[in-house]
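Structural characterization, general
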Amino acid sequence: MKLYTFCSSCGHVLGRSGAGTATEMKCPKCGAEIEYAVEDKKVTVTILRPSSKQQTGRLKNYSEKIEQ
């Protein structure tokens, strides 16, 4: 059985992986460096280096909504 893995920073689908998978990669959408592992029916995602681009955009949108 394969499970979907998502970027914890932006939600982009990184792919499907089976049990025993351990991967480090950069999210193609936001650029965050991510490590994920699949064990049985559990996916663990760790952000090694967050995407400053994605966080800045979210903070900017949030602050614009507060000011309105």
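Above this note sits the structure.
These remarks concern the structure in this document. (Residues numbered from 1 in each chain as written. Predicted model: local features only at pLDDT ≥ 70, side-chain atom pairs only at ≥ 80, totals over all residues. Heavy atoms only, no water.)

**Quick notes on the overall build of the chain**
Across its full length, the chain holds one helix and five strands. Counting from the amino terminus, helix and strand elements in the chain follow one another as β-β-β-β-β-α. A total of about 5,000 Å² of accessible surface is found on the chain, and carbon and sulfur atoms cover 49% of it. (Helix = DSSP H or I, 4+ residues; strand = E, 2+ residues; numbered from the N terminus. Areas by Shrake-Rupley, 256 points an atom, 1.4 Å probe, with all protein chains shown as cover.)

**Thoughts on the pairing of strand E1 (residues 2-6)**
Side chains Leu3 and Thr5 of E1 all project onto a buried face; the interleaved residues Lys2, Tyr4 and Phe6 project onto a face where none is buried. Note that E1 and strand E2 (residues 13-18) share five bridges and pair antiparallel. If you follow threonine 5 over to E2, its bridge partner there is glycine 15. Counting the residues that bridge the hairpin from E1 to E2 gives six residues, and of these glycine 11 lies at a positive phi of roughly 90°. (Buried < 20%, exposed > 50% of the residue type's maximum accessible area, 1.4 Å probe, protein only. Pairing = 2+ DSSP bridges.)

**Focus on the side chain of threonine 5**
Within the secondary structure layout, threonine 5 lies in strand E1. Setting aside residues up to four positions removed in sequence, threonine 5 forms contacts with His12, Val13, Leu14, Gly15, Ser17, Tyr36, Val43 and Val45. (Contact = heavy atoms within 4.5 Å.)

**Focus on the environment of glutamate 24**
Assignment of secondary structure puts glutamate 24 in strand E3 (residues 22-26). Taking the relative accessible area as the measure of exposure, glutamate 24 reaches 57% and is therefore exposed. When the C-alpha atoms of glutamate 24 and glutamate 35 are compared, they prove to be 4.2 Å apart, with 11 residues separating the residues in sequence. Apart from residues lying up to four places away in sequence, glutamate 24 is in contact with Ile34, Glu35 and Leu48.

**Things to note about the sheet that holds E3**
Strands pair in a sheet through their backbones, by hydrogen bonds, and they do so in one of two ways: parallel or antiparallel. Across the sheet, three strands lie side by side as E3-E4-E5; this open sheet has antiparallel pairing. With partners counted over all chains shown, the strands left at the sheet margins are E3 and strand E5 (42-49), one partner each. Put simply, the sheet's adjacent strands are angled 20° from each other on average, direction ignored. Pairing geometry for E3 and strand E4 (residues 33-39), over five bridges, is antiparallel. Counterpart to lysine 26 in the pairing with E4 is glutamate 33. (Axes fitted to C-alpha atoms, helices over the stretch in contact; angles between N-to-C directions.)

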